[in-house]
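Each chain, letter by letter, is given below.
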Amino acid sequence: MAAMSIADRAVRPLLNRRLAEFGTTVFAEMSALAAATGSINLGQGFPDTDGPEEVREAAVRALRDGRGNQYPPGPGVPELRRAIGDHQLRRYGLALDPDTEVLVTAGATEAIAAAMLALVEPGDEVVALEPYYDSYAACVAMAGGCRVPVTLRPHEGAFRLDLDELRDAVTDRTRLLLINTPHNPTGTVLTREELAAIAGLAVERDLLVLTDEVYEHLVYDDAEHVPLASFPGMRERTVTISSAGKTFSFTGWKVGWITGAPELVTAVRSAKQYLTYVSAGPFQYAVAEALALPDSYFDELRTNLAAKRELLTAGLEAAGFGVFRPAGTYFVTTDIRPLGESDGIAFCRELPERAGVVAIPAAVFYDDREAGAPFVRFAFCKRDEVLREAATRLASLAG
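Residues numbered from 1 in each chain as written. Predicted model: local features only at pLDDT ≥ 70, side-chain atom pairs only at ≥ 80, totals over all residues. Heavy atoms only, no water.

A. Focus on the overall build of the chain. Helix and strand counts for the chain come out as 15 helices and 15 strands. For 399 residues, the compact-globule estimate of 2.2 N^0.38 gives 21 Å, and the chain sits close to it at 21 Å. Taking the principal axes of its C-alpha atoms as reference, the chain extends roughly 65 × 60 × 55 Å. Burial analysis of the chain (399 residues in total) assigns 56% to the buried set. Across the chain, the fraction of contacts at a sequence separation of at least 24, relative to all contacts at a separation of at least 6, is 75%. Entry remark: accessible area of the chain is about 17100 Å², with carbon and sulfur atoms responsible for 50%. (Helix = DSSP H or I, 4+ residues; strand = E, 2+ residues; numbered from the N terminus. Rg over C-alpha atoms; globule rule 2.2 N^0.38 Å. Buried < 20%, exposed > 50% of the residue type's maximum accessible area, 1.4 Å probe, protein only. Contact = heavy atoms within 4.5 Å. Areas by Shrake-Rupley, 256 points an atom, 1.4 Å probe, with all protein chains shown as cover.)

B. Seen up close, the environment of Phe-324. Within the secondary structure layout, Phe-324 lies in strand 11 (residues 322-324). Phe-324 sits in the buried class, given a relative accessible area of 11%. In this structure, the C-alpha to C-alpha distance between Phe-324 and Phe-159, residues 165 residues apart in sequence, is 7.8 Å. The contacts of Phe-324, once residues within four sequence positions are left out, are Pro-154, Gly-157, Ala-158, Phe-159, Val-332, Thr-333, Thr-334, Asp-335 and Phe-375.

C. Broad picture of helix 4 (residues 78-92). The first and last C-alpha atoms of helix 4 sit 21 Å apart over 15 residues, in line with the 21 Å expected at 1.5 Å per residue. If you check which residues of helix 4 are buried, you get Leu-80, Arg-81, Ala-83, Ile-84, Gly-85, His-87, Gln-88 and Tyr-92. On its buried face, helix 4 is in contact with strand 2 (102-105), strand 10 (256-259) and helix 11 (281-291). Positive phi appears at Gly-93, one or two residues downstream of helix 4, with a value of about 75°. (Expected span 1.5 Å × (residues − 1).)

D. Just a negative patch on the surface, in detail. A cluster of like negative charges, contributed by Asp-343, Glu-350, Asp-368 and Glu-370, occupies part of the molecular surface. Mapped onto the fold, Asp-368 is located in the loop between strand 14 (360-361) and helix 14 (369-372). Looking at Asp-368, the relative accessible area reads 39%, which means it is partly exposed. (Patch = residues over 30% accessible without salt bridge, like charges linked within 9 Å, V, L, I, M, F, W, Y side chains within 5 Å. Salt bridge = Lys/Arg side-chain N within 4 Å of Asp/Glu carboxyl O. Lys, Arg positive; Asp, Glu negative; His and termini not counted. Charge placed at Lys NZ, Arg CZ, Asp CG, Glu CD.)

E. Here's a closer look at the pairing of strand 4 (residues 146-151). In terms of strand pairing, strand 3 (residues 125-130) meets strand 4 through 6 bridges, oriented parallel. Paired with Glu-130 across the strands is Thr-151, a residue of strand 4. Taken together, strand 3, helix 6 (residues 134-142) and strand 4 form a β-α-β motif whose crossover is right-handed. (Pairing = 2+ DSSP bridges. Right-handed = clockwise from strand over helix to strand, strands pointing away.)

F. Structural view of the sheet that holds strand 14. The 4 strands lie next to each other as 11-12-15-14, forming an open sheet whose pairing is antiparallel. Here the strands that pair on one side only, and so sit at the sheet edges, are strand 11 and strand 14.

G. Local environment of the UniProt feature "domain: Aminotransferase class I/classII large" (unreviewed entry) in the chain. Residues given the UniProt feature "domain: Aminotransferase class I/classII large" (unreviewed entry) here are residues 40-394. Helix makes up 42% of residues 40-394 and strand 18%, whereas the separation of the span's terminal C-alpha atoms amounts to 11 Å. (UniProt positions renumbered as here; feature names shortened; annotations may be inferred.)

H. Focus on empty space enclosed by the protein. Within this structure, the stated rule accounts for 4 cavities of 30 Å³ or more. Approximately 80 Å³ is the volume found for the largest cavity. Lining of the largest cavity is provided by Gln-88, Leu-94, Leu-96, Ala-229, Arg-235, Thr-238, Thr-240, Thr-259 and Gly-260. When its residues are assigned to classes, the lining of the largest cavity shows 3 nonpolar, 5 polar and 1 charged. (1 Å grid on protein atoms, 1.4 Å probe; cavity = no way out; pocket = protein on both sides within 12 Å on 5 of 7 lines; lining within 4 Å. Points joined across faces, edges and corners; volume = space filled by probe spheres on them. Nonpolar A, V, L, I, M, F, W, Y, C, P; charged D, E, K, R; others polar.)

I. Structural view of the sheet that holds strand 4. Pairing is mixed in the open sheet, where 7 strands are placed in the order 2-10-9-8-7-3-4. The strands lining the two open edges of the sheet, one partner per strand, are strand 2 and strand 4. In this sheet, neighbouring strand axes are inclined to one another by 20° on average, regardless of whether the strands run parallel or antiparallel. By the bridge criterion, 4 bridges tie strand 8 (residues 208-212) to strand 9 (residues 238-243) in an arrangement that is parallel. Residue pairing in the sheet places Asp-212 in a bridge with Ile-241 of strand 9. (Axes fitted to C-alpha atoms, helices over the stretch in contact; angles between N-to-C directions.)

J. The arrangement of the packing of aromatic side chains in detail. This model, assessed by the stated rule, comprises 17 aromatic pairs. Between the aromatic rings of Trp-253 and Phe-283, the centroid separation amounts to 4.5 Å while the plane-to-plane angle is 10°, which identifies the pairing as stacked. Residue Trp-253 is found in the loop between helix 9 (245-248) and strand 10, and its partner Phe-283 is found in helix 11; the two are separated by 30 residues along the sequence. On the numbers, 5.5 Å between centres and 80° between planes, the contact of Phe-321 with Phe-378 is edge-to-face. Residue Phe-321 is located in the loop between helix 12 (295-319) and strand 11, and its partner Phe-378 is located in strand 15 (residues 375-379); the two are separated by 57 residues in the primary sequence. Phe-378 carries the same exposure label as Phe-321, and that label is buried. Ring pairing ties together the aromatic residues Phe-159, Phe-324 and Phe-375, which thus form one cluster. Over the ring of Tyr-285 we find Arg-67; its NZ or CZ atom is 4.9 Å from the centre of that ring. (Phe/Tyr/Trp six-rings, centres within 6.5 Å; stacked < 30°, edge-to-face > 60°. Lys NZ or Arg CZ within 6 Å of the ring centre and 35° of its normal.)

K. Fine view of the pairing of strand 10. Residues of strand 10 alternate between two faces, with Gly-256 and Ile-258 on one and Trp-257 and Thr-259 on the opposite face, all of them buried. Here 4 bridges tie strand 2 to strand 10, and the two strands are oriented antiparallel to one another. Counterpart to Thr-105 in the pairing with strand 10 is Gly-256. When strand 9 meets strand 10, the two strands line up antiparallel, connected through 4 bridges.

See the structure below:
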């Protein structure tokens, strides 16, 4: 008798049911499409140049000096934890104990996963702003939680949060609010007034808050980033996430961190230690030096990205897209309906052949796919000549 295969023996799907709705990420699909067609990839959000040379050399120096080549300490190397604390104090006036209130993670993605696994139990509701970074939904599912989306809606050229809708989404089963500002993919930066209202709701309903602030230094014009943890009553209930990848253009290093009250950090660390345990040893020393760069570095970063934003938005407008000018991040969301289109997923799959450019359909960031159907996201963290070429190629759509 022939041996039975695993598939023959299986009485249920091999993939955990909690992850059944999640397939290959859209970023992998679109990046593969870019490679296959030779298209300009404005889909996945990674720069096409490295960050500061002195930061890269700091990593090389750490490697040569044997710092971090073996397992670093579980919470992260002391130099980086101190640098994160110094950064939060210098930029936002938030005083942290680097020994008990800072935890280094394998990028922000692991920080999200560890926080969800630590703080959310099966049946707990997690209220998240929609559209959302795709790992949010997967991490909530892995923790057994129930995600409850609150949709940012287009209004006067930007995506806005309806605070009444947020309040109505909170029930007796709500455990945690998942907030992202500056917001990927819409580029919205929540105002002080909006954040104060969120903080008031969290305190009133005794909710935990996980706030993803990885784009904290990527804000433009009159927008400002204000950490949610800085509001009254939020210090003891907020887990703040950030990372080095977006700020210093070393996304492959995967160095992220969480900050929060000791009890929260201890809880997240209890889950994190069974994920990667530790990671990126030599890079942690380099990121510690990066966080100590002068304010001029961060100012120049914003100035350069703001110019790239103008370059791409002008090209998109000329091509006929409806453009939502972002106040933060390095993404711009567009409306394809002025082009006579309505299905962003189909549009993005066809765009490489039509114009030699790859983008991301925003619908994949929504529970309500119809709400996100006409929107498409482009990344502008690329060299100027790449953005100009992309604009030239997209101009063919206007005809």
